[in-house]
Amino acid sequence: MTNSVLFQSGSVYRNGKLEDLDLQVDGEKISNIDTNLSPKTNTFRVSLKGKKLYPGFINSHDHLLASYLPKVGGNEKHKSWLSYDNLYKSSGVFAERQQVDPEILYYLGAYKNLFAGVTTVFDHIPHQVQNPFRGILPVKLISDYTIAHSVGNYSLGWGEGPALEYRMAEHAGLPFVTHLGEGLDDDSKQSLRQLEKMDALGGHSVLVHCLPFGPREVEKILEKGASVVWCPTSNLHIFGKTTNIKLFLDMGVNVCLGTDYSASGSVNLLEELKTAKSIYFGLYGEELPESTLLKMITENPRKAFRLGNPDALMPGLSADLLVVNDDKNKSEITVSELSWKHIDLVVIDGYPIYGSEEYKSLFLHFGLETEELSIDGKIKLVAGSPKKLLKQVSDSVGYKKSLAFLPNF
């Protein structure tokens, strides 16, 4: 029998604003969104009065295999990604990380994202590395893409080269994803020109970082219809500066937001939203609208990664949902102010995966085993066992390990 759930009386994000609506889920899909929906037979009802319902957040750039802490470096600033990578690979943190099984690291990264309201992650890695972990994690991985590590003289040899990878993306209707301009050196500054010479710059391109680019490069990216992923926390940690993101936004480029990897990036996507808001004001003296930030983690990545209709809350689409309890005005979007405690319920493909204790009957309805954890004195339930996961990490490294992107167990 198909599970049927009716979410009632929530402030649902539709058409760029929050509206009082009900949302019906049948199986893995949204089946209806309207006012005062009547429950079907055997429908499980969930009241969302006073709460907001958003599409599940999308983290557009992470490296889940590198889900480990503490951060490395930060005092010395670098001109290229390679300089920082050499520092990281020679660090004690990296040596310790290498003692942890890759599957455990993938699960750590998945829970890091889940607790921040993320339902979908782009994990920047070759397919053969990611393949064993698809479909088993508590969040979704974007699995349909072509890839190059980066463009430049010291790019890693991922894929078949940007030219062929882009052709394959065009043929199959997929995104072609690459780091671009990840640095301040001449190699980074010339990377867009190199990409264009390879005929790999176009509407399928998803370009991560783009630090050194000015009006001419941004105009070219816009002209070709490419998307850009902004990772301000990581940029500042490694290079001491970030992308001129206002230029990209003002010119109309499709901009997404990502955390990058734990060695240099933010603790989670919620922290990245705060950093983005703060940095924008510091650089430009004006507020980055909350609605723009929300689009960077919902609609814009759906466009960039070709995930279907940019409006994720539509009948017929996957029920990837985030319920937020932020004690704010029901029509006010304030995603940059969210913290762990505000993430009230995460639903992926129609299944509750993480949520507050009040949803225990919903988890039981689906027959899901859950683990309890406490955040700011409030009991949360999660499918799977992040506590066991953290114990496995501690056993691997030989001491009790804590990780800031997981709650205190």
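Below: a short report on this structure. Bear in mind that the values here come from a model prediction, so they are computed numbers and not experimental data. (Residues numbered from 1 in each chain as written. Predicted model: local features only at pLDDT ≥ 70, side-chain atom pairs only at ≥ 80, totals over all residues. Heavy atoms only, no water.)

### What about the overall build of the protein?
The criterion, for reference: Only DSSP runs of H or I covering at least 4 residues are called helices, and only runs of E covering at least 2 are called strands; the numbering of each starts at the N terminus. All radius of gyration figures rest on C-alpha atoms, and the globule criterion is 2.2 Å times the number of residues raised to 0.38. Burial classification: accessible surface area is computed with a 1.4 Å probe over protein chains only, and a residue below 20% of its type maximum counts as buried, one above 50% as exposed, and the rest as partly exposed. Contacts are assigned to residue pairs that have any heavy atoms within 4.5 Å of one another. Every accessible area reported is derived by Shrake-Rupley at a probe size of 1.4 Å, with residue values counting cover from the shown protein chains alone. The charge count treats Lys and Arg as positive and Asp and Glu as negative. His and the chain ends do not count. Charge positions come from single atoms, namely NZ of Lys, CZ of Arg, CG of Asp or CD of Glu.
Check the secondary structure of the protein and you find 15 helices and 18 strands. The C-alpha atoms of the protein give a radius of gyration of 21 Å, which matches the 22 Å a tight globule of 409 residues would have. Taking all 409 residues of the protein together, the buried fraction comes to 58%. Of the contacts formed within the protein by residues at least 6 apart in sequence, a portion of 69% connects residues at least 24 apart. Counting every atom, the protein has about 16,300 Å² of accessible surface; 47% of that belongs to carbon and sulfur. Of the side chains in the protein, 42 bear a positive and 49 a negative charge, and the two mean positions are spaced by 2 Å.

### Here we look at the layout of surface pockets
Summary: where empty space remains is shown by rolling a probe the size of a single water molecule over the atoms. Rules: With a 1 Å grid spanning the protein atoms alone, the term cavity applies to any set of points in which a 1.4 Å probe fits but cannot get out, the term pocket to an open set with protein on both sides within 12 Å along at least five of seven lines, and the term lining residue to any residue with an atom within 4 Å of a point. Grid points are joined across faces, edges and corners, and a volume is the space filled by probe spheres set on the points. Each residue gets one of three labels, nonpolar for Ala, Val, Leu, Ile, Met, Phe, Trp, Tyr, Cys and Pro, charged for Asp, Glu, Lys and Arg, and polar for the others, Gly among them. Annotation comment: domain bounds sourced from an automatic or database domain assignment.
Size it by volume and the largest pocket reaches roughly 660 Å³. Lining the largest pocket are 35 residues, with Thr 120, Lys 140, Leu 141, Asp 320 and Asp 349 sitting closest to its centre. For the lining of the largest pocket, the elements supplying multiple residues, two or more each, are strand S7 (118-123), strand S8 (140-141) and strand S16 (351-356). A class-by-class count of the residues in the lining of the largest pocket yields 18 nonpolar, 9 polar and 8 charged. Each of domain 1 (4-55 + 312-397) and domain 2 (58-305) accounts for three or more of the residues forming the lining of the largest pocket. As a volume, the second largest pocket reaches approximately 420 Å³. Lining the second largest pocket are 23 residues, and of these His 63, Asp 85, Lys 89, His 149 and Tyr 261 lie nearest its centre.

### Details of the sheet that holds strand S12 (residues 227-230)
For clarity, the cut-off: For two strands to pair, DSSP has to find at least two bridges joining them. Interaxial angle, 0 to 180 degrees, is taken between N-to-C directions of lines fitted to C-alpha atoms, where a helix line uses only the stretch in contact.
As summarised here, the arrangement of the 5 strands in space is S9-S10-S11-S12-S13, forming an open sheet in which the pairing is parallel. Each end of this open sheet is capped by a strand with a single partner; those strands are strand S9 (146-150) and strand S13 (254-257). On average, each strand axis in the sheet is tilted by 20 degrees relative to the strand beside it, whichever way the strands run. Packed onto the sheet, helix H11 (residues 269-284) meets S12 and S13 and runs at close to 125 degrees relative to S13.

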